[in-house]
Amino acid sequence: MKSLVILISGRGSNMQALLEAEFEMDRITVISSNPNAEGLAIAKKYGIETIILDHRTFPDRESFDATLAERIDACQPKLIALAGFMRILSDRFVHRFQGRLMNIHPSLLPAFPGLRTHARALQEGIKIHGCTVHFVTPQLDHGPIVIQAAIPVLSGDTEEILATRVLQQEHRIYPQAVRWFMEDRIKLGENHVEVMDSRVNETALYSPELPE
Ligand code: GRF
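In this text the structure is predicted, and so the values were computed from the model without any measurement.

A. How the structure looks around the sheet that holds strand β6 (residues 128-135). Pairing within the open sheet is mixed, and its seven strands lie in the order β3-β2-β1-β4-β5-β6-β7. One side of each edge strand has no neighbouring strand; the edge strands of this open sheet are β3 (49-52) and β7 (145-152). When the angles between neighbouring strand axes are averaged without regard to direction, this sheet yields 20 degrees. In terms of strand pairing, strand β2 (residues 27-32) meets β3 through four bridges, oriented parallel. If you follow Val-30 over to β3, its bridge partner there is Thr-50. Along the sheet face, helix α6 (residues 159-182) touches β1 (3-8), β4 (79-82), β5 (101-105), β6 and β7 and points at about 155 degrees away from the line of β7.

Listed below in structure tokens is the structure:
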């Protein structure tokens, strides 16, 4: 059985991108740590099974993670996709599902792990920014990278404008990464991911462009 679990806490636009990818899947389950997540309504609109696990009703991280792991196991997922899941997962949880846990992060990792990536990118004056899909390891925002998308930082960009352009790319690369995984095309090494039969464009991306 091909089953996918998507973990959310908020808006759910990456979850929606995954749902719209129409993977050949026997079962998709969305689990939200937040009962008020906007993504829950979207999942329901798509007729997807949803589970709410309100983290505030658990005494500590360990007990939340233990219940989350049980609910995930009940779905027997091939992959668990974190899509704006705003909980730090315990090492124990990560080890239990390691190799089957993917995340999308709004920066070109390993640059800017953590929060407020776009504001920090602007502050540092970087010229190329983007997003990353990676496997989850105990170190936050730091696992083997599956795919990245880069965009130029333009003059006049604000945090919001940059976030919007990066998010468009997130919606392209996350479904791609999940599809590769579901098609067993991903070879996961200790620190590296190899995607079988994928193409790499060897042309460099410059921002600003070089003169002719
Ligand atoms: C996205 O920017 C994602 O990269 C980050 O959290 C945000 C979630 O947005 N992990 P959404 O809930 O998918 O719209």
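B. Examining the side chain of Thr-132 more closely. Within the secondary structure, Thr-132 sits in strand β6. A polar side-chain atom of Thr-132 sits 3.0 Å from the main-chain amide nitrogen of Leu-109. Not counting residues up to four positions away in its chain, the partners in contact with Thr-132 are Asn-103, Ile-104, His-105, Ser-107, Leu-108, Leu-109, Ile-145, Ile-147, Gln-148 and Ile-173.

C. Representation of helix α5 (residues 117-124) within the structure. For α5, every residue scored as buried is listed here: Thr-117, His-118, Ala-119 and Ala-121. Where the residues of α5 are buried, they touch β5, β6 and α6. Count one or two residues on from α5 and you reach Gly-125, which has phi positive near 70 degrees.

D. Geometry of the domain arrangement of the protein. Splitting the protein by domain gives domain 1 (1-97) and domain 2 (105-212). Once you take the C-alpha centre of each, domain 1 and domain 2 turn out to be 22 Å apart. Of the residues lining the interface, 21 residues belong to domain 1; the matching set on domain 2 comes to 15 residues. At the boundary of domain 1 with domain 2, total buried surface from both sides reaches about 1600 Å², with 72% on carbon and sulfur atoms. Counting every contact that joins domain 1 to domain 2 gives one salt bridge. For Asp-184, the salt bridge goes to Lys-78, with nearest N and O atoms at 2.7 Å. Scanning the region where domain 1 abuts domain 2 turns up six residue pairs in polar contact (both at pLDDT 80 or more). At the level of secondary structure, the elements contributing two or more residues to the side of domain 1 that touches domain 2 comprise β1, α1 (13-20), β4 and α4 (91-97). The dominant element in the side of domain 1 that touches domain 2, judged by the number of residues it contributes, is α1, at four residues. The residue makeup of the side of domain 1 that touches domain 2, split by class, is 13 nonpolar, four polar and four charged.

Conventions and cut-offs
- Residues numbered from 1 in each chain as written.
- Predicted model: local features only at pLDDT ≥ 70, side-chain atom pairs only at ≥ 80, totals over all residues.
- Heavy atoms only, no water.
- Pairing = 2+ DSSP bridges.
- Helix = DSSP H or I, 4+ residues; strand = E, 2+ residues; numbered from the N terminus.
- Axes fitted to C-alpha atoms, helices over the stretch in contact; angles between N-to-C directions.
- Contact = heavy atoms within 4.5 Å.
- Polar contact = N/O pair within 3.5 Å; in protein donor to acceptor, adjacent residues only side chain to side chain.
- Buried < 20%, exposed > 50% of the residue type's maximum accessible area, 1.4 Å probe, protein only.
- Domains from an automatic or database assignment.
- Buried area = accessible area lost by both parts, 1.4 Å probe.
- Salt bridge = Lys/Arg side-chain N within 4 Å of Asp/Glu carboxyl O.
- Nonpolar A, V, L, I, M, F, W, Y, C, P; charged D, E, K, R; others polar.

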